[in-house]
Amino acid sequence: MHTSPSGGSDASLTVSDMKISVLVVDGVFDSGLSSVLDVLRTANALRGELPEPPPPWQVRCVSPRGPVRTGAGHLVDAVRPGDVAAPDALVVPGVWHKQPTPLTAWVASPEQLPVRRTIQGARAAGVPLAAACTGTFLLAESGVLDGEPATTSWWLAAEFRRRYPQVALDETQMVSRGSDVTTAGAAMAHLDLALCLVRDSSPALADLTARYLVVDARPTQASYSIPGHLARTDPIVSAFERWVRQHLTQPLRIADAARAVGTSERTLQRALDRVAGVSPLRFAQQIRLEQAVHLLRTTDLPTTAVARKVGYENATTLTSLLRKRLGTTPGQVRRQVSDRART
């Protein structure tokens, strides 16, 4: 991939153009960057379909060091932030770091100081900020998320919460809006982030762009998270997760669970809050719903039988929780499986 600083657009700037700077660094996540550029490019191409189109987007890749290499080694042309006019928004894509320890070391490193200063300068100038996936760590490390609601990659939430306790994190959200700062979740949430930028100018154009790119509405990351992955980051949470799975069909009593894993209810609550930002009851619900979705996808059991296998008395309770927590229903889960089988 060899991208021009303008994101591939040769159109000259007009007074009404929306100027978007995409802050890129060495190791930027290829598909994340491409998602942002492609959504905005597609929106520009589709503007003419609307009777009253919004202004076009003029997109530039910027970097304090000039051209950069992506995580896959592709060259991205980029200009220095000071060499272009102040943008109407600064977007920070994620970088290719899967593990929290190297990621936090990277965002706090002296090498990334120019990047953090670019973010801080944009915030001080009143430029709206947006970031997705691991790019949210760059915002948080720069201090611009302090006191703000935010989301991040669900599998990095425990480390984010530990390192940035002053941020109001809710990793179940696909996109979170604060005061002139927008964050999005893991990897492909770059699509949701870019569509959010389009929607700010024109909801109709955002919907049209999503249709052309075949992007479904995904308001939550909850259906993608894996409780077992989060549990492995803490021995108390890990023990609680195992206990819940071993007692799925039984009523949940937090006092019994805490006693079984050798801790107090208060300590268990603190561990779950630190790791997952939820109560023991909510974490147990996540495990039960994960298993319920698995059974709905892989068996022909009636919904009532599935509900009882995961600790709920009836199908109504299970359906209500699936709709509230995951934004789906038993019927929708099974239709998705049927649709995939037909294709």
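Position labels on residues start from 1 in each chain and follow its written sequence. Selection of residues for local features in this predicted model requires a pLDDT of at least 70, selection of side-chain atom pairs for listing and counting requires 80 or more, and totals for whole chains, interfaces and linings are taken over all residues. Hydrogens and water molecules were not included; the side-chain quantities draw on all heavy atoms of the structure.

What follows concerns the pairing of strand β10 (residues 181-184). Here β10 shows a buried face lined by V181 and T183 and a second buried face lined by T182 and A184. Pairing between two strands is assigned when DSSP locates at least 2 bridges connecting them. Here a helix means four or more residues in a row that DSSP labels H or I, a strand means two or more in a row labelled E, and each is numbered from the N terminus. With 4 bridges joining them, strand β6 (residues 129-132) and β10 adopt parallel strand pairing. Residue pairing in the sheet places A130 in a bridge with T182 of β10. Both strand β9 (residues 175-177) and β10 contribute to a ladder of 3 bridges, which runs antiparallel. Each residue of the ladder has a partner; that of R177, found in β10, is T182. Connecting β9 to the antiparallel partner β10 that follows it, the hairpin turn spans 3 residues, and D180 within it adopts a positive phi of roughly 60°. For every residue, the accessible area obtained with a 1.4 Å probe (protein chains only) is divided by the maximum for its type, and the residue is called buried under 20%, exposed over 50%, and partly exposed between those limits.

In this section: helix α2 (residues 100-107). Turning to α2, its buried residues are L103, T104, W106 and V107. In a view along the axis of α2, the buried residues occupy a sector of 160°, so they form one face of it. Looking at the buried residues of α2, the elements they touch are α3 (113-124), α4 (135-141) and α5 (157-163). Directions from the helix axis toward the C-beta atoms define the arc. Only heavy atoms matter for contacts: two residues are in contact if any of them lie within 4.5 Å across the pair.

Before going further, it helps to examine the pattern of salt bridges. Every case where a carboxyl oxygen of Asp or Glu lies within 4 Å of a side-chain nitrogen of Lys or Arg is listed as a salt bridge. Applying the stated criterion across every chain yields a total of 11 salt bridges. The partner of R163 in a salt bridge is E141, with the nearest N and O atoms 3.0 Å apart. Within this pair, whereas R163 is found in helix α5, its partner E141 is found in helix α4, the two being separated by 22 residues in sequence. Residue classification places E141 among the partly exposed residues on the basis of a relative accessible area of 22%.

So, about empty space enclosed by the protein. In the cavity and pocket records, a cavity denotes points on a 1 Å grid over the protein atoms alone where a 1.4 Å probe fits but cannot get out, a pocket denotes an open set with protein on both sides within 12 Å along at least 5 of 7 lines, and lining residues are residues with an atom within 4 Å of a point. Grid points are joined across faces, edges and corners, and a volume is the space filled by probe spheres set on the points. Considering all chains together, one arrives at 2 cavities of 30 Å³ or more under this definition. Taken together, W243, V244, H247, L248, Q250, P251, L252 and R288 form the lining of the second largest cavity. Residue polarity is assigned by list, with Asp, Glu, Lys and Arg as charged and Ala, Val, Leu, Ile, Met, Phe, Trp, Tyr, Cys and Pro as nonpolar; anything else, Gly included, falls into the polar class. For the lining of the second largest cavity, the per-class residue count stands at 5 nonpolar, 2 polar and 1 charged.

Moving on: the packing of aromatic side chains. Between 30 and 60 degrees the pair is tilted, below 30 it is stacked and above 60 it is edge-to-face, where a pair is any two Phe, Tyr or Trp rings, Trp via its six-membered ring, whose centres lie within 6.5 Å. This structure, assessed with the given rule, holds 5 aromatic pairs. Measuring from ring centre to ring centre gives 5.3 Å for F29 and W96, while their planes differ by 10°; the resulting arrangement is stacked. Note that F29 is positioned in the loop between β1 (18-23) and α1 (30-46) and W96 in the loop between β5 (89-92) and α2, a separation of 67 residues in sequence. Accessibility expressed as a relative area gives 54% for W96, which makes it exposed. When the ring of F137 is compared with that of Y164, the centres are 5.9 Å apart and the planes differ by 75°; the resulting orientation is edge-to-face. Placement of the pair is F137 in helix α4 and Y164 in the loop between α5 and β8 (168-169), with a sequence separation of 27 residues. Pair check on accessibility: F137 and Y164 agree, each one buried. Of the aromatic side chains, those joined through ring pairs into one cluster are F137, F160 and Y164. We call a charge positioned over a ring when the NZ of a Lys or the CZ of an Arg lies within 6 Å of the ring centre and within 35 degrees of the ring normal. In this arrangement the basic side chain of R288 is found over the ring face of Y312, its NZ or CZ atom lying 5.5 Å from the centre.

Now for the packing of helix α12 (residues 280-298) against helix α14 (residues 315-326). Here an axis means a line fitted to C-alpha atoms, over the contact stretch when the element is a helix, while the angle between two N-to-C directions is reported on a 0 to 180 degree scale. Relative orientation of the contacting elements α12 and α14 amounts to 110°, with a least axis distance of 11 Å. Of the possible angle classes, the one that applies to α12 and α14 is roughly perpendicular. Here R282, Q285, L289, A292, V293 and L296 of α12 lie close against α14, whose contacting residues are L318, L321, L322, R325 and L326. Residues of the contact of α12 with α14, tallied by class, amount to 8 nonpolar, 1 polar and 2 charged. For classification purposes, angles smaller than 35 degrees are called roughly parallel, those larger than 145 roughly antiparallel, those between 65 and 115 roughly perpendicular, and all remaining angles oblique.

Turning our eyes to something else, we now look at the sheet that holds β6. Spatially, β2-β1-β5-β6-β10-β9 is the arrangement adopted by the 6 strands of the open sheet, whose pairing is mixed. Lying at the two open borders of the sheet, with one neighbouring strand each, are β2 (57-62) and β9. With strand direction ignored, the average angle separating the axes of adjacent strands in the sheet is 20°. The strands touched by α3 within the sheet are β1, β5, β6 and β10, with β5 carrying the most contacts at an inclination of about 150°.

For the rest of this paragraph, the subject is the layout of surface pockets. Its boundaries defined by the atoms lining it, the second largest pocket holds a volume of some 330 Å³. Along its surface, the second largest pocket is lined by 14 residues, and D192, R199, D216, A217 and R218 are the ones closest to its centre. At the level of secondary structure, the elements contributing two or more residues to the lining of the second largest pocket comprise α6 (189-201) and α7 (203-213). Sorting elements by how many residues they give to the lining of the second largest pocket places α6 first, with 4 residues. Looking at side-chain class alone, the lining of the second largest pocket contains 8 nonpolar, no polar and 6 charged residues.

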